[in-house]
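Spelled out, the chains give:
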Amino acid sequence: MDKLHGGSTQLFIGLHLIHEVTSPQAFAALKDKGLKVLSPERTFATVDHIVPTTNQNRPFADPLAEEMLSTLENNCSSHGIKLYGLGSGKQGIVHVIAPELGLTQPGMTVACGDSHTSTHGAFGAIAFGIGTSQVRDVLASQSLAMNKLKVRRIWVTGQLSEGVYAKDLILHIIRTIGVKGGVGYAYEFAGPAIEALSMEERMTICNMAIEGGARCGYVNPDNKTFAYLNGRLHAPKGKEWDKAISWWKKLKTNTEAIFDDEMIFNGTEISPTVTWGITPGQGIAINEAIPCPEDLDPADKPIAQEAYKYMNIDPGTYLTGLPIDVCFIGSCTNGRLSDLQAAAEIAKGNHVAKGIKAFVVPGSEQVAKEAKRIGLDKIFKTAGFEWREPGCSMCLAMNPDRLEGSQISASSSNRNFKGRQGSATGRTLLMSPAMVAAAAIKGEVTDVREMLLQKENTISN
Amino acid sequence: MEQDKVFPSGEIKQIKGSCLVLKGDDIDTDRIIPARFLKCVSFKDLGDQVFADDRIEMKGSHPFDINKGSSILIVNCNFGCGSSREHAPQALMRWGIRAIIGQSFAEIFFGNCLALGIPCATSEKKTIQEIQQEITKSPTAKFNLEIQKLVFESPNKSWNLSMENGQREMLLSGRWDVTSQLIDKENKVQSIKKNLPYLTNFKE
Ligand code: SF4
């Protein structure tokens, strides 16, 4: 829009998403300053972080969680903001529902007080997480002060093999570039392997761009993007739809564009990837040994040492066969229908190993409904998984779902930081939903490709 | 009522005070303020909860327990990575931190700090290590961070730091609080709303 004092640029925000955790202080600040919400019609709210996934009756058992939700409800109703609340049929994790409702569209600028807002970049939107002061700014002015980002194109050739998913690809990319590698950058994901991904898979990739340090990630919109949006609640309809398509088609990155940086990956070479440490960059291919300190870049050594100790994992050993305690399938990274389908494919006809707590948390009420319609809930329940209500659940410890003591979890979420899953000594291994399901069945970390192979053999025999 | 007046306001030219060294790369916001403390509708109690889990684990020997009253925090690489929660800089600020110096900062964290009036200055590894050593040698000494010249001074030494000009300008002029600048442009925002295809039902 305009240059601001200090050299940053004022950026208009086309879609502002809010939730219960990072908005209350922003509304309070507005009130203190006597400001109004400038564009309530471009602001949408839901509740996700603090909701329990077992009993969602109000008032919540946790009075703090109840206070947060009622504060959000009051703020939304007094400022005329649409809230997709519990039981509305449209509630869910903010990054799952906005695409699902057709709110996220190509070419939009999207902001939300949550770092995984990068998810929405899958639609060719510029979407990024902001802090609470910025939530206040967007509420007050529908705009933000931003610094210009550099663009790195991540070109992925080939195609992902059987048993290898979008999650593996992004874990592989982060492990290669490092958790700081993206600082100052927006990531453009492109190339044949990216084009071949479904919209849900593209969301998984963009979702975790932030874990690689990038401010946002995006994929150029194409026919898959349009097909996904067609008919969704907030998507344009009729004549407007046709006009929208022609506008959206113009948004593609110019073929002669020059990038600040470019990297190439070969999708065909990627194996299921799992983190062994305490940052999303500490990942390895499932058939690879945990790196030894002497193999590491000197800069990565201290954090690796910290990780060996915290995770109680020895360098040079393998993750396969490592017993686990908890299996979590869900989150804004991998809580969409296709994620649950991939996991269900593994669960079907198998049973969760003894002593393992395994549960599935759909990313939204719509995902839950659709999953039930095609019988995924039954498959999971028969296989010994718990089937829960939608929410952020064990991705982070703001609701009753959490690790205890030094439990180790196989998790389809996005962060393996110390204490992330609610216990100060709890340990997290990040992996794809299918890998989590496989771990649940075996009771230990395992290569999902072997299970898929066995399945194929039994079918063909 | 909170005593907001002790927080940064107006022009920020200089931060004086004792320092606290927190070593380690990639210290994420989950560690600065564990997620369970995000269950609040006000930031006011966060000061006591900063680094809660690390402090419990270290039973009183954590730098944030030993160096109470410090106002300048010295860190290493990629400080503040992870979640975008502003609770992290809020917790640091409410504990008493008024400036942070380190090798590098995570972007969202950096922006959140600036929005609160907390300068984050950087320098290369060697300089940071020297500063850290100097503080360990004389833990009670008062240091001085000059924003205009971007120097950091101990009673007997000084180091050059960096910060983008724009950000330095914002601190010096007191315009780090951008809300008012943004609101001033309301007319422009309204005209964009009338012209952006996706807000006008693609009528062109
Ligand atoms: S699922 Fe996890 S990462 Fe995603 S919004 Fe919820 S808490 Fe954040």
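Structure: above.
Please read all numbers here as calculations on a predicted model, not as lab measurements.

A short note on the nonpolar core
- Grouped together as the largest cluster of nonpolar side chains are 124 residues, with contacts concentrated most on Phe385(A), Phe79(B), Leu92(B) and Ile100(B).
- The element best represented in this core is helix H15 (residues 433-442) of chain A, accounting for eight residues.
- In contact with Ile100(B), other than residues within four places in its own chain, are Leu73(B), Val75(B), Phe79(B), Leu92(B), Phe105(B), Phe109(B), Cys113(B), Ile118(B), Pro119(B), Cys120(B) and Ala121(B).
- Judged by nonpolar contacts, the second largest core, of 60 residues, contains Phe44(A), Ile174(A), Phe189(A) and Ile245(A).

Comments concerning the side chain of Ser83(B)
- Structurally, Ser83(B) is set in the loop between strand S3 (72-74) and helix H5 (87-95).
- Only 2.7 Å separates the side chain of Ser83(B) from the side chain of Arg85(B), close enough to count as a polar contact.
- In this structure, Ser83(B) is in contact with Ser115(A), Arg415(A), Thr29(B) and Asp30(B), ignoring residues within four places of it in sequence.

A short note on helix H5 (residues 166-177) of chain A
All names here are of chain A.
- Between its terminal C-alpha atoms H5 stretches 17 Å, which fits the 16 Å expected from twelve residues at 1.5 Å a residue.
- Of all the twelve residues making up H5, nine are buried; the element is thus mostly covered by neighbouring parts of the structure.
- Taken as a whole, H5 has its buried residues at Ala166, Lys167, Asp168, Leu169, Ile170, Leu171, Ile173, Ile174 and Ile177.
- Directly beyond the C-terminal end of H5, a positive phi value near 90 degrees is found at Gly178.

Some details on the sheet that holds strand S15 (residues 326-329) of chain A
Residue and element names in this part refer to chain A.
- Strand order across the open sheet formed by five strands is S17-S16-S15-S18-S19, with parallel pairing between neighbours. Edge positions in the sheet fall to strand S17 (386-387) and strand S19 (427-430), since each of these pairs with one other strand and no more.
- Of the pairings in the sheet, the one linking strand S18 (residues 408-411) to S19 comprises four bridges and is parallel in character. By the bridge assignment, Ser411 is partnered in S19 with Leu430.

Brief notes about the site of the ligand
Residue and element names in this part refer to chain A.
- The environment of the ligand is formed by His49, Ile93, His95, Asp114, His116, Ser331, Cys332, Cys392, Cys395, Leu396, Asn414 and Arg420.
- Spatially, the ligand is embedded in the second largest cavity.
- A per-class count over the shell around the ligand returns five nonpolar, five polar and two charged.

A few points about the interface of chain A and chain B
- Tallying the contact residues gives 75 residues for chain A and 55 residues for chain B.
- In total, chain A and chain B occlude about 5400 Å² of area from one another, counting both sides; carbon and sulfur atoms represent 58% of this.
- Connecting chain A to chain B are six salt bridges.
- Across the pair Glu41(A) and Lys193(B) runs a salt bridge, and its minimum N-O distance is 2.9 Å.
- Where chain A meets chain B, there are 15 residue pairs in polar contact (both at pLDDT 80 or more).
- Residue assignment for the side of chain A that touches chain B shows that the elements contributing at least two residues are strand S1 (2-3), strand S2 (9-12), helix H1 (24-33), helix H2 (63-79), helix H4 (132-141), strand S8 (143-146), helix H9 (238-249) and helix H10 (301-311) of chain A.

Some details on empty space enclosed by the protein
- Scanning the model with the defined rule gives four cavities of 30 Å³ or more in all.
- Size it by volume and the largest cavity reaches roughly 290 Å³.
- As for the largest cavity, its lining consists of 30 residues, of which Ile210(A), Asn78(B), Cys81(B), Gly82(B) and Ala106(B) are closest to the centre.
- Elements with a contribution of two residues or more to the lining of the largest cavity: H10 of chain A together with helix H1 (29-32) and helix H6 (107-116) of chain B.
- When grouped by side-chain class, the residues that make up the lining of the largest cavity number twelve nonpolar, nine polar and nine charged.
- Split by domain, the residues of the lining of the largest cavity number at least three in each of domain 2 (150-269) and domain 3 (273-460) of chain A.
- Forming the walls of the second largest cavity are 23 residues, and the residues nearest its centre are His49(A), Asp114(A), His116(A), Leu396(A) and Arg420(A).
- For the lining of the second largest cavity, the residue count by class is seven nonpolar, eleven polar and five charged.

A word on helix H7 (residues 125-137) of chain B
Residue and element names in this part refer to chain B.
- With 13 residues, H7 extends 18 Å from end C-alpha to end C-alpha; this agrees with the ideal 18 Å at 1.5 Å per step.
- Looking only at H7, the buried set comprises Thr127, Ile128, Ile131, Gln132, Glu134 and Ile135. In an axial view of H7, the angular spread of the buried residues amounts to 160 degrees, which keeps them on one side of the axis. Along H7, the residues that are exposed and aim more than 90 degrees away from the buried face are Lys126, Gln133, Thr136 and Lys137.
- In this structure, the buried residues of H7 make contact with strand S2 (19-21), S3, strand S4 (99-102), strand S6 (143-146), strand S7 (151-153) and strand S8 (158-160).

Brief notes about unusual backbone geometry
Residue and element names in this part refer to chain A.
- With an omega of -15 degrees, the peptide bond between Arg58 and Pro59 qualifies as cis.
- Mapped onto the elements, Pro59 comes out in the loop between strand S4 (43-46) and H2.
- One non-glycine residue, Ser393, lies in positive phi territory at about 50 degrees.
- Of note, Ser393 is situated in the loop between S17 and S18.

Conventions and cut-offs
Residues numbered from 1 in each chain as written. Chains lettered and ligands numbered in written order. Predicted model: local features only at pLDDT ≥ 70, side-chain atom pairs only at ≥ 80, totals over all residues. Heavy atoms only, no water. Core = buried A, V, L, I, M, F, W, Y, C linked by side-chain atoms within 4.5 Å. Buried < 20%, exposed > 50% of the residue type's maximum accessible area, 1.4 Å probe, protein only. Helix = DSSP H or I, 4+ residues; strand = E, 2+ residues; numbered from the N terminus. Contact = heavy atoms within 4.5 Å. Polar contact = N/O pair within 3.5 Å; in protein donor to acceptor, adjacent residues only side chain to side chain. Expected span 1.5 Å × (residues − 1). Pairing = 2+ DSSP bridges. Near = heavy atom within 4 Å. 1 Å grid on protein atoms, 1.4 Å probe; cavity = no way out; pocket = protein on both sides within 12 Å on 5 of 7 lines; lining within 4 Å. Sits in = over half its atoms within 2 Å of the grid points. Nonpolar A, V, L, I, M, F, W, Y, C, P; charged D, E, K, R; others polar. Buried area = accessible area lost by both parts, 1.4 Å probe. Salt bridge = Lys/Arg side-chain N within 4 Å of Asp/Glu carboxyl O. Points joined across faces, edges and corners; volume = space filled by probe spheres on them. Domains from an automatic or database assignment. Arc of directions from axis to C-beta.

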